[in-house]
Amino acid sequence: MSFSSCVEFPLWAGPGCGDPVAEVSPVFLQRVLDSAMSDAVPVDPVDLVDLVHGCSPGCIGAPPPGDPAPVFLLCGDRSRDDLRGGSVHVLDSGSTADCLFRFKRTLDRMDVSSVRVFTTPRGRDRLALYERWLFTAVYTFDYRVHALTCPSCAGPAHSDPPGEAVRVEEEVKALVQGLPALGGGVRVLTSSLIPECFGHGFSTRSGGVTLIGTLSSLNLFSSSRRRDPEALVQENRRRLALHAGFHPLPLRLVKVDHGSRVWVVGQAEPDSYDAMVTDRVGVVLAAPGADCMPILFADPRLKVIGAAHAGWKGTLMGVAMATVGAMVTEFGCRVSDIVVAMGPSVGACCFTLDRQQAEDFYRVHRDCVPDPESVQPHVDLRLANRVLLQRGGVLPGHIHDHKETQRCTSCHPEDFFSHVRDGQNFGTQVGFLWIRGTD
């Protein structure tokens, strides 16, 4: 799709100057619409022409003639009905955050991740603020910054006011807080073993704002390798916190290393760890899961809690009993007082390992591997963790494996995220636990 520099917008002089009115060259409009009606196949990258921070395509540069990439015109709250049609996508739905969020949704539907942005130096700096909140490292933005010749675009009226980063953050948060919940309301699973002096739960996947299929809708972890950005994940966490009763306290997630290291909150924090313990009121511990199992620990007598992430490696390395051990050594807990709630995980029906790795689980307990002679034996993570906890002295009646959390994450896509089922673009649920205050 070609772009000419013959669209002329009046100078944008900043707030208070009145609504800008565009005059569009008939030659430019005809070229855009003719190209938009062609049979060109969308390609990666697409072009984003920033008309919010520049007076016109002539001021900010434009895609070269003959470029087949789809073109998106970022107009913000300046309506551009005269440019709609074909492969010309006009982004004028309101705030810049709203326009860019809709732009991201379109990219996701197209399965496109590369964007060429034609903008001004100021536009590049401001759009980078939105990029931080609304996109991840999956997306690449190639900013084509045009050498400014327009005195208005280069002048002081186009400099960013103080606190611009805060204003953008607030604009984005207002946008995502207004998004509708998907899949019904937030639903949390709980354990009857954990008393009311603690707040706790295991999240499911409904009630969030994430639209991408395998991440929809209450994904609680933002990864540079996936398409769910920081703004949506933070909003999902906010909605979980409101539902569960710990808002505005933040979730403190373990920094997963698939090992058995335990961090005692308040001590020097390691770069990575798979469990943590504390006796501090109001600190919300959380362990992620998407086949790996979040496990929650509580001592009702001394008011001490722990949370662990137990994947197959961490299970074999003893992360569950390492958490119990930290509660004993750091806070004086008795093993017999500790109650444990096991969260959702992949079942033996869907989880397999190489035979050599499965043999390690067979040594934990023969029932952990129902088909040890298979090339890829099935492995029961839940049973392995229960066996290891009981061997360490946790009372069998103090380990809660609720029928809801016993369901295989891979077999139940309506309720749980699953790496085994969904591959690399998987969502994350969590187990969370905190000590309630006395007031």
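**Digging into the sheet that holds strand β5 (residues 88-91)**
(1) Moving on: Taken in spatial order, the five strands line up as β5-β4-β3-β6-β7 in an open sheet, and their pairing is parallel. The sheet is open, and its two borders are formed by β5 and β7 (140-145), each paired with just one other strand. Put simply, the sheet's adjacent strands are angled 20 degrees from each other on average, direction ignored.
(2) Moving on: Judged from the four bridges that link them, strand β4 (residues 71-74) and β5 form a sheet pairing that is parallel. By the bridge assignment, L73 is partnered in β5 with V90.
(3) Moving on: Against the sheet, helix α4 (residues 121-134) contacts β3 (46-50), β4, β6 (114-119) and β7, and its axis sits at roughly 165 degrees relative to β7.

**Describing helix α10 (residues 355-364)**
(1) Moving on: Every buried residue of α10 is listed here: A358, F361 and V364. Looking straight down α10, one finds its buried side chains confined to an arc of 90 degrees; they lie on one side. Turned more than 90 degrees from where α10 packs its buried face, Q356 and R363 sit exposed.
(2) Moving on: Against the buried residues of α10 lie α8 (312-317) and α11 (381-391).

**Here we look at the pairing of strand β9 (residues 198-203)**
(1) Moving on: Among the six residues that make up β9, six are buried, leaving the element largely enclosed by the rest of the structure.
(2) Moving on: Of the two faces of β9, the one carrying F198, H200 and F202 and the one carrying G199, G201 and S203 are both buried.
(3) Moving on: Note: strand β8 (residues 188-189) against β9, two bridges, orientation antiparallel. Paired with L189 across the strands is F202, a residue of β9.

**A few points about the sheet that holds β8**
(1) Moving on: Pairing is mixed in the open sheet, where five strands are placed in the order β8-β9-β18-β13-β10. Each having just a single partner strand, β8 and β10 (251-253) make up the two edges of the open sheet.
(2) Moving on: In the sheet, β9 pairs with strand β18 (residues 429-435) via five bridges, with the strands oriented antiparallel. Bridge pairing in β18 places F202 opposite G431.

**Describing the confidence of the model for the protein chain**
(1) Moving on: With 81% of its residues at a pLDDT of 70 or more, the protein chain shows a mean pLDDT of 86.
(2) Moving on: Predicted confidence for residues 1-42 stays below pLDDT 50, and this span has 78 contacts to residues more than four positions away or in other chains.

**Section: the packing of helix α3 (residues 96-110) against helix α6 (residues 164-177)**
(1) Moving on: The geometry of α3 relative to α6 is characterised by a closest axis approach of 9 Å and an angle of 60 degrees between their N-to-C directions. Regarding the angle of α3 to α6, the classification is oblique. When you trace α3 past α6, the crossing you get is right-handed. Only E171, V172 and L175 of α6 make contact with α3, whose side of the interface consists of T96, A97, D98 and F101.
(2) Moving on: Taken together, the residues of the contact of α3 with α6 sort by class into four nonpolar, one polar and two charged.

Rules and cut-offs
Residues numbered from 1 in each chain as written. Predicted model: local features only at pLDDT ≥ 70, side-chain atom pairs only at ≥ 80, totals over all residues. Heavy atoms only, no water. Pairing = 2+ DSSP bridges. Helix = DSSP H or I, 4+ residues; strand = E, 2+ residues; numbered from the N terminus. Axes fitted to C-alpha atoms, helices over the stretch in contact; angles between N-to-C directions. Contact = heavy atoms within 4.5 Å. Buried < 20%, exposed > 50% of the residue type's maximum accessible area, 1.4 Å probe, protein only. Arc of directions from axis to C-beta. pLDDT = per-residue confidence, 0-100. Parallel < 35°, antiparallel > 145°, perpendicular 65-115°, else oblique. Left-handed = near helix turned anticlockwise from the far one by under 90°. Nonpolar A, V, L, I, M, F, W, Y, C, P; charged D, E, K, R; others polar.

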